[in-house]
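# Fold and geometry: a report
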Amino acid sequence: MTKPVTSLNKRTIDLLDQRGVSLEAIANLVIFLQKDYIQDLTLAMARDSVQAVLRKREVQNALITGIQLDIAAEQHALLDPLQTIVERDEGLYGVDETMALSIVDLYGSIGFTNYGYIDRVKPGILKILNAHEPGKIHTFLDDLVGAVAAAAAARLAHADEGEQDTPFD
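Residues numbered from 1 in each chain as written. Predicted model: local features only at pLDDT ≥ 70, side-chain atom pairs only at ≥ 80, totals over all residues. Heavy atoms only, no water.

Let us now look at the pattern of salt bridges. For the structure shown, the criterion picks out six salt bridges. Here Asp14 makes a salt bridge to Lys10, at a shortest N to O gap of 3.2 Å. Placement of the pair is Asp14 and Lys10 together in helix α1 (residues 7–18), with a separation of four residues, close to one helical turn. When its relative accessible area of 48% is taken as the criterion, Lys10 is described as partly exposed. The closest approach of N and O atoms between Glu90 and Arg88, which form a salt bridge, is 3.6 Å. On the accessibility criterion, Glu90 (30% relative accessible area) is partly exposed. (Salt bridge = Lys/Arg side-chain N within 4 Å of Asp/Glu carboxyl O. Helix = DSSP H or I, 4+ residues; strand = E, 2+ residues; numbered from the N terminus. Buried < 20%, exposed > 50% of the residue type's maximum accessible area, 1.4 Å probe, protein only.)

The next subject is the environment of Ile110. Within the fold, Ile110 resides in helix α7 (residues 109–121). Separated by 92 residues in sequence, Ile110 and Gln18 place their C-alpha atoms 30 Å apart. With residues up to four places along the chain from it excluded, the contact list for Ile110 reads Gln34, Ala154, Ala157 and His158. (Contact = heavy atoms within 4.5 Å.)

Note on helix geometry: an α-helix contains 3.6 residues per turn, so any two residues three or four positions apart are oriented the same way. For α1, with 12 residues, the first-to-last C-alpha span of 16 Å sits near the 16 Å given by 1.5 Å per residue. Restricting attention to buried positions, one finds in α1 the residues Asn9, Thr12, Leu15 and Leu16. Buried residues along α1 cover an arc of 125° about the axis, so they all sit on one side. Exposed residues lying more than 90 degrees from the buried face of α1 are Ser7, Asp17 and Gln18. Elements that come into contact with the buried residues of α1 comprise α2 (23–34), α3 (43–54), α4 (57–74) and α9 (141–159). Looking one or two residues beyond α1, the residue adopting positive phi is Gly20, at roughly 90°. (Expected span 1.5 Å × (residues − 1). Arc of directions from axis to C-beta.)

Turning our attention to α3. The first and last C-alpha atoms of α3 sit 16 Å apart over 12 residues, in line with the 16 Å expected at 1.5 Å per residue. Every buried residue of α3 is listed here: Ala46, Ser49, Val50, Ala52, Val53 and Leu54. Buried residues belonging to α3 abut α1, α2, α4 and α9.

This is the structure we're talking about:
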């Protein structure tokens, strides 16, 4: 049974789109993570998994919060030192990664390993979001998008029949 799209879910997807992140871009990250492990994985399967992750309230809340903080930083609306920390995307800040980990935690240890890998490699849309272009701040968004992709990939891995436990004889 597919859960209906709520207004919060729609708002989350709209905010992602406004920030230049499409569901297809996230689905491509899922393909990147799982193509070697799930036979016959399609973009449609990856997109469906992304949408399932985005229907979770915890995910919606994290994304909306992170996007709002990025927008506030672009508008220089945060108090220092937070304004400077977010503008610079300082490596020791860690709150952005902590929010991302709250998303991957929903899908177990494979979500964590997926996230760590994709955060390090930064393929596709993550490279664009992490480019630190003048006037564009994605301190939270790059980590949150990576987390959604990692969670969606973990969700697919959990559902993969080839990875199911085999009975002992």
